[in-house]
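Geometric and topological summary
The chain contents come next:
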Amino acid sequence: MNENRYFSWRIGVALLISGATSSLVIAMSLWWYFAIGKEWLSEIGLSILILPAMVILMIAICFFWFWVFSSLATLLGADEE
């Protein structure tokens, strides 16, 4: 096979699974926020923290995506190709 290929099925599977899990985390976080968190933060007077919390959440999800992707790529042996 061609040794200079830049994409393989192993990388594709790692991208697909890491994207799906990150999307699930985002969906669960948004559901929690709109179902419970928004009202709770307003009740205790901390609604000013919503924007910084969302920024921190997005940064954390990016790190989570990279961690899942790199772990799966290593487990599937994509680093050996």
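Presented here is a report on the structure given in the accompanying data block. Predicted model, so just to flag it, every value in this text is computed and none were measured.

What the chain contains, in helices and strands, is 2 helices and 0 strands. By its C-alpha atoms, the chain is 60 × 20 × 15 Å across when sized along the principal axes. Put simply, 86% of the contacts in the chain that link residues at least 6 apart link residues at least 24 apart. Working note: accessible area of the chain is about 6,300 Å², and carbon and sulfur atoms make up 73% of it.

Quick look at helix 1 (residues 9-43) now. Its 35 residues give helix 1 an end-to-end C-alpha distance of 49 Å, which sits within 8% of 51 Å, the value for a rise of 1.5 Å per residue. Along its length, helix 1 shows its largest kink, about 50 degrees, at Tyr33. Among the residues making up helix 1, those that are buried are Ala14, Ser18, Ser22, Ser29, Tyr33, Gly37 and Leu41. Where the residues of helix 1 are buried, they touch helix 2 (50-75).

Time to look at the packing of helix 1 against helix 2. Two numbers describe how helix 1 lies on helix 2: the axes approach to 9 Å, and their chain directions differ by 155 degrees. In terms of orientation, helix 1 and helix 2 fall into the roughly antiparallel class. For the crossing formed where helix 1 meets helix 2, the hand is right-handed. In terms of residue class, the contact of helix 1 with helix 2 is made up of 19 nonpolar, 5 polar and no charged.

On to the environment of Trp67, then. Considering the arrangement of structural elements, one finds Trp67 in helix 2. Sequence separation between Trp67 and Ser29 is 38 residues, and the spatial gap between their C-alpha atoms is 18 Å.

What follows is about a nonpolar patch on the surface. Together, Trp31, Trp32, Ile36, Trp40, Ile44, Leu46, Ile48 and Leu49 line one region of the surface with nonpolar side chains, adding up to about 880 Å² of accessible area. Along the polypeptide, Trp31 turns up in helix 1. By relative accessible area, Trp31 is classed as exposed at 60%.

Throughout the structure, instances matching the rule amount to 3 aromatic pairs. Between Tyr33 and Phe34, the aromatic rings sit 4.8 Å apart at their centres with planes inclined by 70 degrees, giving edge-to-face as the arrangement. Among the residues examined, Phe34 registers a relative accessible area of 56% and is labelled exposed. Ring plane angle 5 degrees and centroid distance 5.3 Å describe the contact between Trp65 and Phe69, whose orientation is recorded as stacked. Residue Trp65 and its partner Phe69 are located together in helix 2, separated by 4 residues, close to a single helical turn.

About the thresholds
Residues numbered from 1 in each chain as written. Predicted model: local features only at pLDDT ≥ 70, side-chain atom pairs only at ≥ 80, totals over all residues. Heavy atoms only, no water. Helix = DSSP H or I, 4+ residues; strand = E, 2+ residues; numbered from the N terminus. Contact = heavy atoms within 4.5 Å. Areas by Shrake-Rupley, 256 points an atom, 1.4 Å probe, with all protein chains shown as cover. Expected span 1.5 Å × (residues − 1). Bend = angle between axes of the 7 residues up to and from the residue. Buried < 20%, exposed > 50% of the residue type's maximum accessible area, 1.4 Å probe, protein only. Axes fitted to C-alpha atoms, helices over the stretch in contact; angles between N-to-C directions. Parallel < 35°, antiparallel > 145°, perpendicular 65-115°, else oblique. Left-handed = near helix turned anticlockwise from the far one by under 90°. Nonpolar A, V, L, I, M, F, W, Y, C, P; charged D, E, K, R; others polar. Patch = residues over 30% accessible without salt bridge, like charges linked within 9 Å, V, L, I, M, F, W, Y side chains within 5 Å. Salt bridge = Lys/Arg side-chain N within 4 Å of Asp/Glu carboxyl O. Phe/Tyr/Trp six-rings, centres within 6.5 Å; stacked < 30°, edge-to-face > 60°.

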